Amino acid sequence: MKDSYTIFNENSVKDTELISDDIDAAEFLRKPENFRPFNLGLLELLKRTLPECTIKNDAEASEYLIKALRAIDSDINPKTIRSWFSGEHRPKIEPRSRRAMYEICFALELSFADVQWFFHHVYFDRTFNCHNTAEVVFYFAFIHGLNYSEASKIIAEVNDAPEKEIHSENDGQIYTQLVKNRVLEFDTVDELKNFLIQNKSNFHSWNKTALNYIRNFFGEIIGNEEVSRQILQKVKRSIEGKQRNVSDDEDAEEKLVELNGADVNQFGLLMREILFDARDKNNPCKYRDKEIRNRISGKNIFSRTFVLDNLLLTFTGFEKKSDIPYVVKNNFPSKKILSDVLDLTKATTSESYDAIRKTLILFNFYIFWCRIKLDGEPLEREDLSEVYTDEITSLLEECGYEPLYAGNPYDWLFLCSINQEEPLKFFRSTVLGLLEDDLHVILA
């Protein structure tokens, strides 16, 4: 067992000898020993809560936690606990498992800081979604040292209270950070209950800040469809005209087509990148028409499938049977995930924060580094990486999510990519390496 997974992972994203190319990165992600397993995270948690811990093995650890959970009337199956400690399973990142994670935290009487550490470094999900009544209560409970029974009683009283009509200037919208700030002001349970009951109708939807960013990011990637479609037709006509005007001898050579720079710049980032990659080295105003045709022919450049296929080289995600780390393949951006995230009806009440966070990170990463690629930037690589890190940290914090953490395999991929000479190329090559290995495993 490594002395510190956090230090090891933070060092690994900048270790040029360890990660020298995309294949090494794919292999690194596939090795389970490189990231803290859930069972070792649980053991670390017990050590934090029991300074004089005399637990000698997994069996003793399992029984200790089972006994502690039984004391708070948790209904987590003892078999499940044993399977976690044995390493046979890890809890899924989903609503039911989140509740179980909080029960563990209450059973072990964790401090507020240890709850945050456990969720962020072991479970790999956000802590305290304060647009969920129960988790607002948990947030207050861990700050003020309330036990699970007391927290459950508060939740039941709030749930049983009648819902009041909304009379607010913001049409019932109440933001996660606002809730956290208000809860920090409360000294008594009555203050908390009154706040939650008064605003009960405001807790029916959430994720609004993150979803607004995702929709805006998606729009920036595909561009204004009405404007872009007209320009796309001009590009296609130019390519078709060039094809008609070449002889058989010329057809064997690489053909170039001239495009208007102002037109190109009206496309969304993805189409601009495709054209950028097709530019002739000797004449930036001319483009290799065959390369353009190969990328866009017969495809809807505004579709979710097209976007994912170009950002990730896949629109289906990873196979469930693959040996890619669960934390990476679970909710990995796919056509279905993206469709759900962009669906207002589903997403504003979705508790799949992991899927929303992963999509948010992917889109922000692409936009930041694609702009650098297209427009250039008079900053050194290290400075650019620092700017990106500050930007994504601020974005995730605003949306109520945990910052990028190198100990999370999904986050690790992005943190490793930003330390490479060409972040977008490295990222795509690594995903391709995972996909190729994934196919090999499925067919084996």
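Please read all numbers here as calculations on a predicted model, not as lab measurements.

## Description of the overall build of the protein
Thought 1: Along the backbone of the protein there are 25 helices and 2 strands.
Thought 2: Within the span of the protein, comprising 444 residues, buried residues form 51% of the whole.
Thought 3: Expressed as a percentage of contacts within the protein between residues at least 6 apart in sequence, the contacts between residues at least 24 apart total 72%.
Thought 4: Accessible area for the protein stands at about 22,100 Å²; split by element, carbon and sulfur atoms hold 46% of it.

## Focus: a negative patch on the surface
Thought 1: On the surface, Glu380, Glu382, Asp383, Glu386 and Asp390 cluster together into a patch of negative charge.
Thought 2: By the secondary structure assignment, Glu386 is in helix H23 (residues 381-398).

## Notes on the packing of aromatic side chains
Thought 1: All told, the structure shown has 32 aromatic pairs when counted by the stated rule.
Thought 2: The lysine or arginine in question, Arg48, covers the ring of Trp117, its NZ or CZ lying 3.8 Å from the ring centre.
Thought 3: Over the ring of Tyr410 we find Lys358; its NZ or CZ atom is 5.1 Å from the centre of that ring.

## Quick look at helix H18 (residues 304-311)
Since the α-helix packs 3.6 residues into each turn, any two residues three or four apart lie on the same face.
Thought 1: If you check which residues of H18 are buried, you get Phe306, Val307, Leu308, Asn310 and Leu311.
Thought 2: The first or second residue beyond H18 is Leu313, which carries a positive phi of 65°.

## Brief notes about the packing of helix H6 (residues 95-107) against helix H8 (residues 133-144)
How two helices sit against one another is set out by the angle between their axes and by the gap between those axes.
Thought 1: Two elements in contact, H6 and H8, have axes whose closest approach is 12 Å; the angle formed by their N-to-C orientations is 15°. The orientation of H6 relative to H8 falls into the category roughly parallel. Remark: the crossing between H6 and H8 carries left-handed chirality. Residues Arg98, Arg99, Tyr102, Cys105 and Phe106 of H6 touch H8, and the partners they reach there are Ala134, Glu135, Phe138, Ala141 and Phe142.
Thought 2: Class assignment of the residues belonging to the contact of H6 with H8 gives a composition of 7 nonpolar, no polar and 3 charged.

Basis of the calculations
- Residues numbered from 1 in each chain as written.
- Predicted model: local features only at pLDDT ≥ 70, side-chain atom pairs only at ≥ 80, totals over all residues.
- Heavy atoms only, no water.
- Helix = DSSP H or I, 4+ residues; strand = E, 2+ residues; numbered from the N terminus.
- Buried < 20%, exposed > 50% of the residue type's maximum accessible area, 1.4 Å probe, protein only.
- Contact = heavy atoms within 4.5 Å.
- Areas by Shrake-Rupley, 256 points an atom, 1.4 Å probe, with all protein chains shown as cover.
- Patch = residues over 30% accessible without salt bridge, like charges linked within 9 Å, V, L, I, M, F, W, Y side chains within 5 Å.
- Salt bridge = Lys/Arg side-chain N within 4 Å of Asp/Glu carboxyl O.
- Lys, Arg positive; Asp, Glu negative; His and termini not counted.
- Charge placed at Lys NZ, Arg CZ, Asp CG, Glu CD.
- Phe/Tyr/Trp six-rings, centres within 6.5 Å; stacked < 30°, edge-to-face > 60°.
- Lys NZ or Arg CZ within 6 Å of the ring centre and 35° of its normal.
- Axes fitted to C-alpha atoms, helices over the stretch in contact; angles between N-to-C directions.
- Parallel < 35°, antiparallel > 145°, perpendicular 65-115°, else oblique.
- Left-handed = near helix turned anticlockwise from the far one by under 90°.
- Nonpolar A, V, L, I, M, F, W, Y, C, P; charged D, E, K, R; others polar.

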